[in-house]
Amino acid sequence: MSAHQLIITQRAELLTVLCGGGSAEPLECVLDLLLAWEVLVWEDYLNVRVAEKPLCSNIRQLLDVVHDKGEDACSHFLAAINQVLPEEQKAGLCFGNGCAAVGKNRPDTATLMLLVDRPVLVTKLRDNIDGALNVLLTTGCFTIQDCDGVQLPVYTPSQQVRRLLDQVTFKGETAAKTLLQYLEQAEPTKPTSEDKENHLSADCLLYQKKLRSSVAAQSLFLSTYGGAGHFSLDDIYTDGLLEVVDDSGETTTLGLEDVVGPIGTLNEDADTILLSGEAGSGKSTLLQRLHLLWAREALLTNTFLLFPFSCRKLNAEHRELSLKELLFLHCCWPDRSQDEVFQFILDHPHMVLFTFDGLDEFKQGFRDEERHCCPTKPVPIPVLLFNLLQGTLMKGILKVVTSRPQAVGPSLKRYLRKEVHLKGFSPSGINSFVKKHHSDPAMARRVIDSLQVNTVLLGLCHIPVFCWIVTKCHQELLGGQDGIPQTITDVYLLVLQHFFQRKSSLSQGALGKAWLEEHLDTVLKLGQLALEGLEASCYVFSGYELQRNGLTEQDVSMGFLIFCNDLSVTDCKHYEFLHITLQCFFAALYVVLNRNNNRSAISRLFQSQHRQLSGLSQRCLGHCIDPSVEEEESHVAETPNLQITAQFVSGLLSQRHHSLLLDCCPTAVRERKFKQVVKSLSKGMQRHFKSIPRPVEGEKKSMHAMPSFVWLIKCIYEMQDKSIAQDAVAKLDVEHLKLTYCNIGPVECTALAYVLKHLRNPVGLQLDNNSVGDVGVEQLLPCLHICHSLYLRNNNISDEGIRKLLEKGAKCESFQKIALFNNKLTDACTQHFACLLKTKQNFLALRLGNNNITSQGAEQLAEGLSYNQSLQFLGLWGNKIGDRGAEALANALKNSTTLIWLSLVDNGVGNAGACALAKLISQSKTLDELWLNKNCISRDGVECLIEALKMNTSVKEIWLRGNNLSPEEEEELSKQESRLTF
Ligand code: ADP
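Residues numbered from 1 in each chain as written. Predicted model: local features only at pLDDT ≥ 70, side-chain atom pairs only at ≥ 80, totals over all residues. Heavy atoms only, no water.

Peer 1: Quick question: what am I supposed to make of the overall build of the chain here?
Peer 2: Regarding its fold elements, the chain presents 48 helices and 21 strands. For the chain, whose C-alpha radius of gyration is 34 Å, the value lies close to the compact-globule estimate of 30 Å for 982 residues. Along the first, second and third principal axes, the C-alpha set of the chain runs to 115 × 80 × 55 Å. Intrachain contacts of the chain at a sequence separation of at least 6 include 77% that bridge at least 24 residues. Accessible surface for the chain amounts to roughly 40,900 Å². Of this, 51% is attributable to carbon and sulfur atoms. When the 96 basic and 113 acidic side-chain charges of the chain are each reduced to a single mean position, those positions are 6 Å apart. (Helix = DSSP H or I, 4+ residues; strand = E, 2+ residues; numbered from the N terminus. Rg over C-alpha atoms; globule rule 2.2 N^0.38 Å. Contact = heavy atoms within 4.5 Å. Areas by Shrake-Rupley, 256 points an atom, 1.4 Å probe, with all protein chains shown as cover. Lys, Arg positive; Asp, Glu negative; His and termini not counted. Charge placed at Lys NZ, Arg CZ, Asp CG, Glu CD.)

Take a look at the structure:
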């Protein structure tokens, strides 16, 4: 069959493949070739590539033009398609017998040269756009507007080159000559024999420059802002809270520059730094900031080369690659002296940094099996990655890896140099973010004010991705017809509505009540793509995959999918959801709204955590997964996403959204799914309760929550149904609930309080070592009445949080103990404790160690203590109360008939303080232990204590280690009084 006929008979198929799922790249590559082969003239090209027309009509136009030009043009057209399309898309197409080689003479004008060399130039100029524009600008061939027009961020690098070439052609011969001259100079030249020594470093410097400019270009804009120029990373970046925990469990706050620094190092031999944080806490953005600052030489100045990788994108790399290929193909190609540049990397590992974003999104979980250490031998990507992380390959190069905490197991933990925790925004960070987002200060103020009155929303805003949504959707939020959002499902419905609204106001105005139903088709298609992606740990989709799911250009234009910021060499466009949480939300919408869903989808979704714990080889919702990927390796990455999806499913099925879903899903189906969710949650809770061990005799019945407990509680919260919350804890019969190190922030506090307030009997709630903060404390208030003890050690709480807590605590009869070791408390909170002690005559224990309380604070506390007749334990270890504070406390406690235990360790207490405490000892009938280690008491002070002990029989021990006494004195004094411990 002739080429002419092939084009006619295959017209529909050619149209489909060239549409490439919405990307114009295949068409543009074909056009490059046809121009170079002189099949098309410039006018044809302009007629075919009309920016205002949809892609498919441009393709039809091209088919018509080629068809009209005859057999030769048709065979060239088929040859061009054959050259451009990837193998999998060519299946089933026939390309005929090929075409005669194009062997024309070199043209004699520069403009024609640009046309003939166009396909090569597109590749060559891709990494040199800045340089070329610079030359064109300085020689006066281009204006600034021309440059801006070329560099619009909506264009891919290849598209930018084509705009540049088109503009040069349009400007004429001088511009074309200038560009060609520039390219000649930029062409690699043969190294001269002189100064070979300097040659290496010159090439490395050139490579560094290229890498810096490529990294800078990739990190300039935040993807959630769709690359819109007015929201560059510089404009919007807000510092998040960064912490490391050292060997002794002490937490230190870090700055951005410390991520790669020595603070918090646990294992000097390891090179991998883990940056962990929940979904949306800002890990990728932080890494992006590091990249940008490095590229500008503003941070990491000792790092000569920085190679950024995205695990999402590495998933799509199916070739076996050597380390060298990985670096050069995935990050930046050296224009010259490849071997030298690579040798430099091998020789100077301490000057190189690798970053891997989203290890939790890598298809395979970390494996510590296959050893590989050769930097030039190709191996599968997982082997390469895991050996880099372990340090078998390229020992000495620091690597920063981001991940959600759940995805990092013990086998990887062994290889970590340190773990930096990203905890999201602080309250002041939220305000600063909102102000940066809204250039109008009045609008920023309104948003901030509205957050202050809705602390649930404020709690959500600690997680940057929620903060972004809330700020972005401020109009819907402030308009607030449907009530103020309470749950993350509410917030994501807001964003859904916002995007649809944005589109429809362009065409027909405001959204109607049935907006979800109107857009159901788009939602379901995106939902299916999202769910299938989650199941297969796939977060990047090709245009082809979009097309397979029936997604049209219009669906894509809604804005939920964005072009992937592609660092790799491929020019094919890829898409990803704006954020992983949005992918989970669409997956949840699909689970809830899809009528064909099989019945087990929901129950399997809710079993994901259980599967992970028990290691069962059973696939969740599996129907589109690559069977070659082994189970154990992949579900580590899936579980957190499926949990977020389950949370959204719970939220969508709540009664609150009943009317929205009414016409999208038959009531009977919705109710069936609702019941399934409730049943799954109840089963999940029962499993936890069964895990509670029997209490040891004499000890309290206690439950140490498993990781998924908090998730189940969050699902229940999403449902916003009091009776479900009540039923969930109806059978929970414990005295102590331990939730330490569970990543509990304000959002989790809201959910915990919502459920725990229904407990039948008071519990001790232990939340030590989380990120509760002041906002979280406020969220806990609804369940304070059911807490007899509250443990909030190391939780970033300040005086303001305490003020609110104690105001409520004073009214809660059961509330008797509080532990606040290692927070940010100062003298400003002690008046509130004084008030509590005065009013609550059943309060038993107050522990305020390791805060910033001075003598003034102690005096205020003393004022309250003098009226209290219930306190048994008072801990002030590691403050600065000094002699004055000790005197005030001793004086106030003199008449206490309840005090059993007092700690003033490490408080700068001297002899005056000790003598005052001696008076307390001489009068007390209840004091059991007094802790005075690490103070500055000397012999006189101790002698006072000994005198007092002569009149006291209740005290069992006074601890005096680390005071101003010589070993001889210690020995002598302990002989005088055996109850002293030195
Ligand atoms: P993660 O990688 O932890 O899932 P991302 O870095 O993707 O989180 O953050 C999600 C979104 O939240 C970003 O696209 C951005 O809109 C916003 N965001 C996150 N961190 C910051 C930050 N430090 N400053 C400003 N916005 C941020």
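Next comes the rest of the write-up.
Peer 1: What's the story with the UniProt feature "domain: NACHT" (unreviewed entry) in the chain in this structure? I'm lost.
Peer 2: When the UniProt feature table is mapped to this numbering, "domain: NACHT" (unreviewed entry) covers residues 271-407. With 34% helix and 17% strand, residues 271-407 has end C-alpha atoms that lie 19 Å from one another. (UniProt positions renumbered as here; feature names shortened; annotations may be inferred.)

Peer 1: For this particular structure, what's the right way to read the sheet that holds strand β7 (residues 416-422)?
Peer 2: The strands that make up a sheet pair up through hydrogen bonds in the backbone, lying either parallel or antiparallel. The 7 strands are arranged β2-β1-β7-β3-β6-β5-β4 in an open sheet whose pairing can be described as mixed. This sheet does not close on itself; its edge strands, each paired only once, are β2 (251-254) and β4 (305-310). The sheet shows a mean angle of 25° between the axes of neighbouring strands, taken without regard to direction. Sheet analysis places strand β3 (residues 272-276) next to β7, joined by 5 bridges and oriented parallel. Note that in β7 the partner of T272 across the bridge is L416. Across the sheet, helix α16 (residues 283-295) lies against β1 (242-245), β3, β4, β5 (352-357), β6 (398-403) and β7, angled at about 155° from β5, the strand it touches most. This element, helix α20 (residues 381-390), spans β3, β5 and β6 of the sheet and lies at about 125° to β5. (Pairing = 2+ DSSP bridges. Axes fitted to C-alpha atoms, helices over the stretch in contact; angles between N-to-C directions.)

Peer 1: I tried to follow the side chain of S281 on my own but got confused; where do I start?
Peer 2: When you line up the elements, S281 lands in the loop between β3 and α16. At 2.7 Å, the side chain of S281 and the backbone oxygen of E278 are in polar contact. With residues up to four places along the chain from it excluded, the contact list for S281 reads L422, G424, I463 and P464. (Polar contact = N/O pair within 3.5 Å; in protein donor to acceptor, adjacent residues only side chain to side chain.)

Peer 1: Just checking my understanding: could you explain the nonpolar core for this structure?
Peer 2: The tendency in soluble globular proteins is for nonpolar side chains to be buried side by side. Core analysis: the largest hydrophobic core is formed by 262 residues, its most contacted members being F307, I345 and L739. The element that contributes the greatest number of residues to this core is helix α32 (residues 580-593), accounting for 12 residues. Ignoring any residue separated from it by four or fewer positions in sequence, one finds L739 in contact with A705, F709, V710, I744, L752, L765, Q766, L767, D768 and N770. Residues V66, A73, F95 and L115 belong to the second largest nonpolar core, which totals 39 residues. (Core = buried A, V, L, I, M, F, W, Y, C linked by side-chain atoms within 4.5 Å. Buried < 20%, exposed > 50% of the residue type's maximum accessible area, 1.4 Å probe, protein only.)

Peer 1: Please clarify how a positive patch on the surface should be interpreted in this entry.
Peer 2: Where like charges cluster on the molecular surface, the positive patch consists of K679, K683, R687 and K690. Within the secondary structure layout, K679 lies in helix α37 (residues 667-690). By relative accessible area, which is 55% here, K679 ends up exposed. (Patch = residues over 30% accessible without salt bridge, like charges linked within 9 Å, V, L, I, M, F, W, Y side chains within 5 Å. Salt bridge = Lys/Arg side-chain N within 4 Å of Asp/Glu carboxyl O.)

Peer 1: Quick question: what am I supposed to make of the pairing of β1 here?
Peer 2: Regular strands have side chains that alternate between both faces of the sheet. As defined by bridge partners, β1 adjoins β2 across 4 bridges and the pair is classed as antiparallel. Opposite E243, over in β2, you have T253 as the bridge partner. Across 3 bridges, β1 lies against β7 in antiparallel orientation. What sits directly across from E243, in β7, is H421.

Peer 1: Just checking my understanding: could you explain the environment of L275 for this structure?
Peer 2: Note that L275 resides in strand β3. Once residues lying within four places of it in the same chain are set aside, the contact partners of L275 are L242, K283, L286, V401, T402, S403, V420 and L422.

Peer 1: When you look at the packing of helix α46 (residues 911-923) against helix α47 (residues 939-950) in this model, what are you seeing that I'm missing?
Peer 2: Each pair of packed helices can be described by the angle between their axes along with the distance between the axes. The interhelical angle for the contact between α46 and α47, taken along N-to-C directions, is 5°, at an axis separation of 8 Å. Taken together, α46 and α47 sit at an angle that is classed as roughly parallel. Along its contact with α46, which presents N911, A914, C915, A918, I921 and S922, the element α47 presents D940, G941, C944, L945, A948 and L949. Looking at the contact of α46 with α47 residue by residue, the class counts come to 8 nonpolar, 3 polar and 1 charged. (Parallel < 35°, antiparallel > 145°, perpendicular 65-115°, else oblique. Nonpolar A, V, L, I, M, F, W, Y, C, P; charged D, E, K, R; others polar.)

Peer 1: I would appreciate a short explanation of unusual backbone geometry in the present structure.
Peer 2: Most peptide bonds take the trans form, and the phi angle of most residues other than glycine is negative. Residue E38 is not a glycine yet carries a positive backbone phi of 60°. Judged by its relative accessible area of 46%, E38 is partly exposed. Positive phi is not limited to glycine here, since E297 has a value of about 60°. The exposure class assigned to E297 is exposed, which follows from its relative accessible area of 53%.

Peer 1: Would you mind going over the confidence of the model for the chain with me for this structure?
Peer 2: Scored by pLDDT, the chain has a mean of 86; 90% of the residues are at 70 or more. Contacts for the low-pLDDT stretch residues 189-199, under 50 throughout, to residues beyond four places or in other chains number 4 contacts. Predicted confidence for residues 612-635 stays below pLDDT 50, and this span has 48 contacts to residues more than four positions away or in other chains. (pLDDT = per-residue confidence, 0-100.)

Peer 1: Honestly, the sheet that holds strand β20 (residues 957-959) in this entry has me stumped. Any pointers?
Peer 2: An order of β11-β12-β13-β14-β15-β16-β17-β18-β19-β20-β21 is seen for the 11 strands of this open sheet, with the pairing classed as parallel. Two strands lie at the open edges of the sheet, namely β11 (702-704) and β21 (980-981), each paired on one side alone. Here strand β14 (residues 787-791) runs beside strand β15 (residues 817-819); their pairing, made up of 3 bridges, is parallel. Counted as the bridge partner of Y791 is A819 from β15.

Peer 1: I keep staring at the packing of helix α3 (residues 25-36) against helix α9 (residues 118-126) and nothing clicks. Help me out?
Peer 2: At a minimum axis separation of 8 Å, α3 and α9 run at an interaxial angle of 130°. Judged by the angle between their axes, α3 and α9 are oblique. Of the residues in α9, those in contact with D32, L33, L35 and A36 of α3 are R118, P119 and V122. Partitioned by chemical class, the residues of the contact of α3 with α9 number 5 nonpolar, no polar and 2 charged.

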